[in-house]
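The chain contents come next:
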Amino acid sequence: MSVLEKINAEAIIALENKYGAHNYHPLPVVLNRGEGVYVWDIDGKKYYDFLSAYSAVNQGHCHPKIVGAMMKQAQTLTLTSRAFYNDQLGPFEEFVTQYFGFDKVLPMNTGAEAVETALKLCRKWAYEVKGIAEHEAQIIVCDGNFHGRTTTIISFSNDENARKNFGPYTEGFIKIPYDSIEALEKVLQSSHNIAGFLVEPIQGEAGVFTPADDYMMRAKELCNQYNVLFIADEIQTGIARTGSLLAVCGECSCENKCEKQATYATPDILILGKALSGGAYPVSAVLANDSIMNVIKPGQHGSTFGGNPIAAAVAIAALEVVNEENLIQNARALGLLFRSKLNEYIKTSSIATLVRGRGLLNAIVINDSEESETAWNICLALRDNGLLAKPTHGNIIRFAPPLVMNEDQLLDCVSIIVKTLKQFEK
């Protein structure tokens, strides 16, 4: 079959099932166009995108400034590897470090690569700066975490579906309950070999679990007290998604970049990805100050595509859009409105029990077991009603639209969600 032939959705899904590895379970809809908050399927039906490619498309689908930067650079120079300098990487490194307030950046491509980079950086710092004996460093992680699916990362995952039959696992991690300062302090007190604490400011894949408002700040203070690196995985939560530049800042009221960042849970190592490129290109980054980043020397870490010219140009454009279009403020205001409207409905609902989140990263809990298909069926009905979302952990539906959404569009989406949920009321 020629790829130029027009085929229907069922045939396209059949092709993926036959020729692709079955490592995903997509909602049965085949998309071929996107613009702003909307996507269209191959039959021309229009949908609100309420997943944003897991928060990669914060700036909206096919943002003209981001796409323009990508196309312009792609016509000039795409890749040199890091064997040579290119004229885009240095300006990007200056831009991104000043934007987030760090001395240095180590650019990579995917989120999981960035997490692996942060883990290596933390361990090397532990041996060469903190003075932990080699091979003895331990990193604290949280139950329910999701940081990717590489062999090292699944070694400290609770998701048995991601772990089973992929061992042996990497050692050197201690798991504690999420949102428990007491558990963190207990581990820090128990060992001098703790190198870092890796944490998501909000656990997205676990169901948008949002910790206590002071959890990040108190965790950072403990890390400072015990000379342990505070590592924030902001791949999904960062870059305006939660109503602040970084979710470690909490629900701040800063007008642009988070002014509290200097005193409020500033990460020692910051991990970024997804919206760093606005969904146009794989770009991730690890940021830290010189006292940490300078332990990395030539040949000790890298990537052929990391820091390539297209990535650099795209990331600058993507971050400029966040400021130019006030996406931080928009996410904060629309998130409050979304939760308010959903809470009004939930008061009398038998199918939805809870809405939680921050900014425009939210989820509703469905009144059924994790093993049930109710949330999946609700998402199918949402699709039929013109809105795309996906369940997580069986009975939770995540809602994360592009941050360029306006109030009228959000209220329209709330109407679709409520209308759909009413179809499932008991």
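The following paragraphs examine the structure supplied in this document.

Quick notes on the rules
Residues numbered from 1 in each chain as written. Predicted model: local features only at pLDDT ≥ 70, side-chain atom pairs only at ≥ 80, totals over all residues. Heavy atoms only, no water. Helix = DSSP H or I, 4+ residues; strand = E, 2+ residues; numbered from the N terminus. Buried < 20%, exposed > 50% of the residue type's maximum accessible area, 1.4 Å probe, protein only. Polar contact = N/O pair within 3.5 Å; in protein donor to acceptor, adjacent residues only side chain to side chain. Contact = heavy atoms within 4.5 Å. Axes fitted to C-alpha atoms, helices over the stretch in contact; angles between N-to-C directions. Parallel < 35°, antiparallel > 145°, perpendicular 65-115°, else oblique. Left-handed = near helix turned anticlockwise from the far one by under 90°. Nonpolar A, V, L, I, M, F, W, Y, C, P; charged D, E, K, R; others polar. Pairing = 2+ DSSP bridges. Expected span 1.5 Å × (residues − 1). Core = buried A, V, L, I, M, F, W, Y, C linked by side-chain atoms within 4.5 Å. Phe/Tyr/Trp six-rings, centres within 6.5 Å; stacked < 30°, edge-to-face > 60°. Lys NZ or Arg CZ within 6 Å of the ring centre and 35° of its normal.

**Considering the side chain of Gln236**
As for its placement among the helices and strands, Gln236 is situated in the loop between strand 8 (229-233) and strand 9 (269-272). Under the relative-accessibility criterion, Gln236 is labelled buried at 11%. Only 2.9 Å separates the side chain of Gln236 from the side chain of Arg398, close enough to count as a polar contact. Excluding anything up to four places from it in sequence, Gln236 contacts Tyr54, Ser55, Gly204, Glu205, Arg241, Lys274, Leu361 and Arg398.

**Quick word on the environment of Phe100**
Here Phe100 lies in helix 4 (residues 89-100). Look at Phe100 and you get buried, because its relative accessible area is 2%. Between the C-alpha atoms of Phe100 and Leu361, which are 261 residues apart in sequence, the distance is 21 Å.

**A short note on the packing of helix 3 (residues 64-74) against helix 11 (residues 309-324)**
Between two packed helices, the angle of one axis relative to the other and the distance separating the axes together describe the packing. At a minimum axis separation of 8 Å, helix 3 and helix 11 run at an interaxial angle of 160°. Judged on the interaxial angle alone, helix 11 and helix 3 are roughly antiparallel. Classified by chirality, the crossing of helix 11 by helix 3 is right-handed. Of the residues in helix 11, those in contact with Lys65, Ile66, Ala69, Met70, Gln73 and Ala74 of helix 3 are Pro309, Ile310, Ala313, Val314, Ala317, Ala318, Glu320, Val321 and Glu324. Tallied by class, residues from the contact of helix 3 with helix 11 come to eleven nonpolar, one polar and three charged.

**Section: the packing of helix 13 (residues 374-384) against helix 14 (residues 407-422)**
For the pair helix 13 and helix 14, the least separation of the axes is 9 Å and the interaxial angle reads 130°. With respect to each other, helix 13 and helix 14 are oriented oblique. In this structure, helix 13 crosses over helix 14, and the sense of that crossing is right-handed. Between helix 13 and helix 14, the contacting residues are Ile378, Ala381 and Leu382 on the first element and Ile416, Ile417, Thr420 and Leu421 on the second. For the contact of helix 13 with helix 14, a count of residues per class yields six nonpolar, one polar and no charged.

**With respect to helix 13**
In terms of burial, helix 13 is largely enclosed, as nine of its eleven residues are buried. Every buried residue of helix 13 is accounted for by Thr374, Ala375, Trp376, Ile378, Cys379, Leu380, Ala381, Leu382 and Arg383. Of the surrounding elements, those touching the buried residues of helix 13 are strand 3 (46-49), strand 12 (361-366), strand 13 (387-388), strand 14 (390-392), strand 15 (396-399) and helix 14. Residue Gly386 follows helix 13 closely and has a positive phi angle near 100°.

**A word on the sheet that holds strand 2 (residues 38-41)**
The four strands lie next to each other as 1-2-3-13, forming an open sheet whose pairing is mixed. Every interior strand has two partners, whereas the edge strands, strand 1 (31-35) and strand 13, have only one. Where strand 1 meets strand 2, four bridges bridge the pair, whose relative direction is antiparallel. Of the residues in strand 2, the one forming a bridge with Arg33 is Trp40. Taken strand by strand, helix 14 contacts strand 2, strand 3 and strand 13, and its axis lies near 100° from that of strand 3.

**Regarding the environment of Arg339**
Relative to the assigned elements, Arg339 resides in helix 12 (residues 327-346). The class for Arg339 is buried, based on a relative accessible area of 10%. When the C-alpha positions of Arg339 and Met70 are compared, they lie 35 Å apart, and in sequence the two are 269 residues distant.

**Quick look at helix 12**
Since the α-helix advances by 3.6 residues per turn, residues separated by three or four positions end up pointing in the same direction. Its 20 residues place the ends of helix 12 27 Å apart at the C-alpha level, agreeing with the 28 Å of an ideal helix rising 1.5 Å per residue. Listed in full, the buried residues belonging to helix 12 are Leu327, Ile328, Ala331, Arg332, Leu334, Gly335, Phe338, Arg339, Leu342, Tyr345 and Ile346. Buried residues belonging to helix 12 abut helix 11, strand 11 (352-358), strand 12, strand 15 and helix 14.

**What to know about the nonpolar core**
Core analysis: the largest hydrophobic core is formed by 97 residues, its most contacted members being Phe50, Phe100, Phe197, Leu387 and Phe399. For this core, the leading source of residues is helix 11, giving eleven residues. If near-sequence neighbours (up to four positions away) are discounted, Phe399 is found in contact with Phe50, Phe338, Leu360, Leu361, Asn362, Ala363, Ile364, Leu382, Leu387, Ala389 and Ile417. The next biggest cluster of nonpolar side chains, apart from the first, holds 29 residues, and it includes Cys122, Ala137, Ile231 and Ile292.

**Describing the sheet that holds strand 10 (residues 284-288)**
Two pairing modes exist for strands in a sheet, parallel and antiparallel, and in both the strands are linked by backbone hydrogen bonds. One open sheet holds the seven strands; their spatial order is 4-10-9-8-7-5-6, and the pairing between them is mixed. Two strands in the sheet have a free side with no partner beyond their single neighbour: strand 4 (104-108) and strand 6 (173-176). For this sheet the average axis-to-axis angle between neighbouring strands, irrespective of direction, equals 20°. On top of the sheet, helix 4 reaches strand 4, strand 9 and strand 10; it is set at about 120° to strand 4, its chief contact. Each of strand 5 (138-142), strand 6 and strand 7 (194-199) is contacted by helix 8 (residues 181-190), which is oriented at about 150° to strand 6, the strand it contacts most.

**Let's talk about the packing of aromatic side chains**
Enumeration according to the criterion identifies ten aromatic pairs in this entry. Plain terms: the ring middles of Phe50 and Phe338 are 6.1 Å apart, the flat faces sit at 45° to each other, and that makes the pair tilted. Separated by 288 residues along the polypeptide, Phe50 in the loop between strand 3 and helix 2 (52-55) and Phe338 in helix 12 bring together distant segments of the chain. On the basis of relative accessibility, which here comes to 1%, the residue Phe50 falls in the buried class. Among the aromatic residues, ring-to-ring pairing joins Tyr38, Trp40 and Tyr48 into one connected group. Against the face of Trp40 rests Arg33, its NZ or CZ located 3.8 Å from the ring centre.

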